[in-house]
Amino acid sequence: MSGVGENQLISIVPDELKFLFELEKQSYCDLKVANKTENYVAFKVKTTSPKKYFVRPNTGVIQPWDSCIIRVTLQAQREYPPDMQCKDKFLLQSTLVPPHTDVDDLPQDTFTKDSGKTLTECKLKVSYISPSTTQRSSDSGATNADGNGSENISTIQRLKEERDAAVKQTQQLQHELELVKKRRNNSGNGLSLKLAALVGLIGIIIGFILKLTLASPT
């Protein structure tokens, strides 16, 4: 029997099953099982609490240097375990099989120690994670963020004030520009009227002179 998470034939990641434990809710943990040899390797997953867990696939064959994912599902529970401690354990057995062996072709005694085959085994522990633990982690992150909260608020307020001042200044400049345009238009109209009056006066004077010239005796 080999150590936790690894043996001569396969490697297992992670080496411990961790489940987020919530009442009346399922939770799952994925295991990656990799074949470390150039041979075909068959595996089987066993647990001390088969009614609590759903394992798929619980038996399989991995090709040389290949891997597969095993999903272990914790069924919905109606009560919390004492002190959130879990004594459940998993055992993953593996053995060499002939090339191109399919899982359906495995003999019933493949994982029986008395069959004469060499079995390697990995034991996996189980731990439960309380939702309150993850919540505390989130709250801790929020607390760290609040350390810069007041500074961020003051910076935002200053930027808003600068923006409002820029908008007000822009509006004032636009108003002054409109006044300049109106004054320029009014000045242009007055000049045109004066020029027209002057031309009209010159025309009257010329007409009067012509009239006097024509009316004088020869």
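Note: the structure precedes this text.
Report follows, based on the coordinates. Computed from a prediction, not measured in an experiment: that's the story for all the values here. (Residues numbered from 1 in each chain as written. Predicted model: local features only at pLDDT ≥ 70, side-chain atom pairs only at ≥ 80, totals over all residues. Heavy atoms only, no water.)

**Here we look at the sheet that holds strand β5 (residues 53-56)**
Then, number 1: The strand order across the open sheet built from 4 strands is β1-β3-β7-β5, with neighbouring strands paired in antiparallel fashion. Among the strands making up the open sheet, the edge pair consists of β1 (10-13) and β5. With strand direction ignored, the average angle separating the axes of adjacent strands in the sheet is 20°.
Then, number 2: Relative to strand β7 (residues 67-74), strand β3 (residues 27-35) runs antiparallel, the two being bridged by 8 bridges. Bridge assignment links alanine 34 to a residue of β7, and that residue is serine 67. (Pairing = 2+ DSSP bridges. Helix = DSSP H or I, 4+ residues; strand = E, 2+ residues; numbered from the N terminus. Axes fitted to C-alpha atoms, helices over the stretch in contact; angles between N-to-C directions.)

**Considerations on a positive patch on the surface**
Then, number 1: Where like charges cluster on the molecular surface, the positive patch consists of Lys87, Lys89, Lys123 and Lys125.
Then, number 2: Position of lysine 123 relative to the elements: it lies in strand β9 (residues 120-129). (Patch = residues over 30% accessible without salt bridge, like charges linked within 9 Å, V, L, I, M, F, W, Y side chains within 5 Å. Areas by Shrake-Rupley, 256 points an atom, 1.4 Å probe, with all protein chains shown as cover. Salt bridge = Lys/Arg side-chain N within 4 Å of Asp/Glu carboxyl O. Lys, Arg positive; Asp, Glu negative; His and termini not counted. Charge placed at Lys NZ, Arg CZ, Asp CG, Glu CD.)

**Digging into the pairing of strand β4 (residues 40-47)**
Then, number 1: In this structure, β4 lies alongside strand β8 (residues 89-97), joined through 8 bridges in antiparallel fashion. Bridge pairing in β8 places lysine 44 opposite glutamine 93.
Then, number 2: By the bridge criterion, 4 bridges tie β4 to strand β6 (residues 59-62) in an arrangement that is antiparallel. Bridging from a neighbouring strand, valine 41 pairs with isoleucine 62 of β6.

**Looking at the nonpolar core**
Then, number 1: Core analysis: the biggest nonpolar cluster contains 27 residues, and Phe19, Tyr53, Ile70, Val72, Phe90 and Tyr128 have the highest contact counts within it.
Then, number 2: If you list the elements that add at least two residues to this core, you get β1, β2 (16-20), β3, β4, β5, β7, β8 and β9.
Then, number 3: When neighbours within four sequence positions are excluded, phenylalanine 90 is seen to be in contact with Leu17, Val45, Lys46, Thr47, Tyr53, Val55, Val72, Cys122, Lys123, Leu124 and Val126.
Then, number 4: In terms of nonpolar packing, the next biggest core, distinct from the first, is built from 6 residues, Ala42, Val97, Leu106 and Leu119 among them. (Core = buried A, V, L, I, M, F, W, Y, C linked by side-chain atoms within 4.5 Å. Buried < 20%, exposed > 50% of the residue type's maximum accessible area, 1.4 Å probe, protein only. Contact = heavy atoms within 4.5 Å.)

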